Amino acid sequence: MTASRGCPRTPSVQWTCGGLPSGRKPQRGGRVDRPGAADRCPLRFSSQTYDTEQQQRVGVDRVIRLTDGTSLAPCTILGAVSPSISIPTSIVTGLRGVPQIIPISTSPTLDDTSQYKLFGWTIPNDDGTLVPLLSKVESWGVRYLAVLHVDDAYGNAFAKGISLGAQRQGAGLVVRTVDLAAGADADAISEAVRQLRETRYAYFFGIVHPEEGLLDKVMTEAYRQGTAGTRRHAWLFSDAVGESFTSRDFSMSSSLERVYCGIGVLSAVGGVPGMAEFDELASQLRRLKESPEDLAFLEDHLPRDYEGGVVPDHAVVTGSEGYLSAPRLVVPFLYDAVVALGLAACKLAEDSEEGTYFDGDELFGVFKNVTFDGASGRIVLDLATGTRDPRSAFFSLTNFVEDADAGPGNVWFKGMGTDLFQGGKWESLVPCSDTWSTLPWSPSRTRWDAPV
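### Here's the deal with the state of the cysteines
Under the counting rule described, the total for this entry stands at one disulfide. Shown here is the disulfide that connects Cys41 with Cys346, its sulfur atoms set 2.1 Å apart. Disulfide Cys41-Cys346: torsion about the S-S bond near -90°, hence left-handed. Here the residue Cys41 occupies a position in the loop between strand 1 (2–5) and strand 2 (46–49), and Cys346 occupies one in helix 11 (residues 330–351), the gap between them amounting to 305 residues. The two residues Cys41 and Cys346 agree in class, both being buried.

Pasting the structure below:
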């Protein structure tokens, strides 16, 4: 979580970045589409980072103290990754008049402007993910889809959205949902998989996280009950699974090796190599890593304020080979959030005739009108909610196949991007081949589009 400071505050409005003198409102003329305006911007921004420690209480307490009026209030807050934290903190920031922008948390619950009035995204929410998901499922000719989801705010909203989206689409797709507690024991997992098996469906979409081995336990049980690893059942997952398939070894011919070979993951992606803005961001990240001065500057800005006074060893991350080596998922959306907020603030300052003072409502109003070519694609936001338009973002379909570089007796998986969703339609990146045609959900196979 990052608090951005830099907008002057008037003494009479202690909780805001500032208020225009005499109630004057800046003149706004449509969408902001002028990155060059930042070169003329009279504002300078600073930031401070905080660690929510993956706890709601810590995150909410931090936001309350940041916005309680006892010190210089932030212009905006770049929120936490987890919706379990961003949801309650966004209620607080909305009440305090401070915009909160999330680069990665995707729960559609946050679209409720009556509860989260100053909340926005630079990544499409899960309802937005339905657009490419249902488009792809329809292109495969699938008529029956079972959805297994964790029983939490993220999983429930996502699964409900799939069901409602299929009904609205009216293409005849039948969706069955099965929920699973986040800390489910063996009996609960067995029961959930039994319900999947009894549908006799062949296509499954999983909204399951890998924490505490939940994903492995589910897929091991699915293998035992004959609904995974059979080459007759196709599993596609949301990006909740993270990098759980590529970050470890699997024993050859083990149940997990069999079930994970050939699965797919649908996720929003922060741009793709070959796109000028994305490539430039990647290049600049590598330059930061090569500069001792820049690394020291970043080190100074890492969170230091922890409960109990115990600061974790940040070198576990900053000293790793992958640190700043590539944008990965979060960085492009975070970068675009910062740029969008900066352009909005500069637009307000540029249009004002009487100073650079403005409040959170004004900043968020202009933020929703910002559009530019960012690292994650063309930034276009919903003017009512501040949600990223999914048609302006990229989504990828990644297939996980065995990596030939694995050591003897072990299996590694590598992700192979097969399809890219951009501009509202899917494009194939990998031509059909013998390897491709053996994948369970490959377009070249006979459709398992009815119960088996």
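Back to the text.
### Points about a nonpolar patch on the surface
Side chains of Leu329, Val330, Leu334 and Val338 sit close together on the surface and give an oily, nonpolar patch of about 250 Å² of accessible area. Tracing the chain through its elements places Val338 in helix 11. On the accessibility criterion, Val338 (44% relative accessible area) is partly exposed.

### Overview of the pattern of salt bridges
Inspection of every chain in the model, using the stated rule, returns twelve salt bridges. Close ionic contact of Arg194 with Glu191 constitutes a salt bridge, the shortest N to O distance being 2.5 Å. Of the two residues, Arg194 and Glu191 both sit in helix 5 (residues 186–199), three residues apart, roughly one turn of that helix. Owing to a relative accessible area of 32%, Glu191 belongs among the partly exposed residues under this scheme. With a closest N to O distance of 2.6 Å, Arg224 and Glu221 form a salt bridge. Of this pair, Arg224 and Glu221 both sit in helix 6 (residues 214–224), three residues apart, which is roughly one turn of that helix. On the accessibility criterion, Arg224 (57% relative accessible area) is exposed.

### Some thoughts on the packing of helix 8 (residues 276–290) against helix 11
A packed helix pair is summarised by two numbers, namely the angle formed by the two axes and the spacing between the axes. Across the interface, helix 8 lies against helix 11 with an axial gap of 11 Å and an inter-helix angle of 100°. Accordingly, the angle class assigned to the pair helix 8 and helix 11 is roughly perpendicular. Here Phe278, Leu281 and Leu285 of helix 8 come into contact with helix 11, specifically with Val331, Pro332 and Tyr335. Looking at the contact of helix 8 with helix 11 residue by residue, the class counts come to six nonpolar, no polar and no charged.

### Points about the pairing of strand 11 (residues 264–269)
Burial of strand 11 is extensive: six of the six residues sit out of reach of the surface. Here strand 11 shows a buried face lined by Gly264, Leu266 and Ala268 and a second buried face lined by Val265, Ser267 and Val269. Sheet topology note: the strand 11/strand 14 (residues 394–403) ladder contains six bridges and is antiparallel. Following the sheet pairing, Ser267 is matched in strand 14 by Ser396.

### Considerations on unusual backbone geometry
Leave glycine aside and you will find that most residues have negative phi; peptide bonds, for their part, are mostly trans. The backbone of Leu324 shows a phi angle near 65°, a positive value even though the residue is not glycine. Its place among the elements puts Leu324 in the loop between helix 10 (315–318) and helix 11. By relative accessible area, which is 14% here, Leu324 ends up buried. In the Ramachandran plot, Arg328 falls in the positive-phi region, its phi being about 55° despite a non-glycine side chain. Tracing the backbone through its elements, the reader meets Arg328 in the loop between helix 10 and helix 11.

### A short note on the packing of helix 8 against helix 9 (residues 292–300)
The interhelical angle for the contact between helix 8 and helix 9, taken along N-to-C directions, is 95°, at an axis separation of 5 Å. Here helix 8 is positioned roughly perpendicular relative to helix 9, judged by the angle of their axes. Facing helix 8, whose interface residues are Arg287, Leu288, Lys289 and Glu290, helix 9 presents Pro292, Asp294, Leu295 and Leu298. Here the contact of helix 8 with helix 9 is built from residues that sort into four nonpolar, no polar and four charged.

### Side note on the nonpolar core
Within the largest apolar cluster, 37 residues are counted, with the highest numbers of intra-cluster contacts made by Val147, Ile162, Leu173, Phe205 and Ile207. Elements supplying a minimum of two residues to this core: strand 5 (119–121), helix 3 (126–139), strand 6 (144–150), helix 4 (153–169), strand 8 (203–207), strand 9 (234–237), strand 11 and strand 14. By residue number, the principal contributor to this core is helix 4, which donates five residues. Setting aside its immediate chain neighbours within four residues, Val147 contacts Ala159, Ile162, Val175, Arg176, Thr177, Val178, Phe205 and Ile207. Grouped together as the second largest cluster of nonpolar side chains are 32 residues, Val178, Ala192, Ala228 and Phe237 included.

### Focus: the packing of aromatic side chains
For the structure on display, the rule yields twelve aromatic pairs. Seen in terms of ring centroids, Phe119 and Trp121 are 4.9 Å apart; in terms of plane orientation they differ by 90°. Their pairing is edge-to-face. Between the aromatic rings of Phe250 and Tyr260, the centroid separation amounts to 5.6 Å while the plane-to-plane angle is 75°, which identifies the pairing as edge-to-face. Here Phe250, found in strand 10 (residues 250–251), pairs with Tyr260, found in helix 7 (residues 255–260); they are ten residues apart in sequence, far enough to count as distant. An aromatic cluster of at least three residues, connected via ring pairs, comprises Tyr154, Phe158 and Phe205.

### Quick notes on the pairing of strand 14
The buried count for strand 14 comes to eight of ten residues, which makes it a mostly enclosed element. Sheet topology places strand 14 next to strand 15 (residues 410–422); nine bridges connect them, and they run antiparallel. When the bridges of strand 15 are listed, Leu397 appears paired with Asp419.

Definitions and cut-offs
- Residues numbered from 1 in each chain as written.
- Predicted model: local features only at pLDDT ≥ 70, side-chain atom pairs only at ≥ 80, totals over all residues.
- Heavy atoms only, no water.
- Disulfide = S-S within 2.5 Å.
- Helix = DSSP H or I, 4+ residues; strand = E, 2+ residues; numbered from the N terminus.
- Buried < 20%, exposed > 50% of the residue type's maximum accessible area, 1.4 Å probe, protein only.
- Patch = residues over 30% accessible without salt bridge, like charges linked within 9 Å, V, L, I, M, F, W, Y side chains within 5 Å.
- Areas by Shrake-Rupley, 256 points an atom, 1.4 Å probe, with all protein chains shown as cover.
- Salt bridge = Lys/Arg side-chain N within 4 Å of Asp/Glu carboxyl O.
- Axes fitted to C-alpha atoms, helices over the stretch in contact; angles between N-to-C directions.
- Parallel < 35°, antiparallel > 145°, perpendicular 65-115°, else oblique.
- Contact = heavy atoms within 4.5 Å.
- Nonpolar A, V, L, I, M, F, W, Y, C, P; charged D, E, K, R; others polar.
- Pairing = 2+ DSSP bridges.
- Core = buried A, V, L, I, M, F, W, Y, C linked by side-chain atoms within 4.5 Å.
- Phe/Tyr/Trp six-rings, centres within 6.5 Å; stacked < 30°, edge-to-face > 60°.

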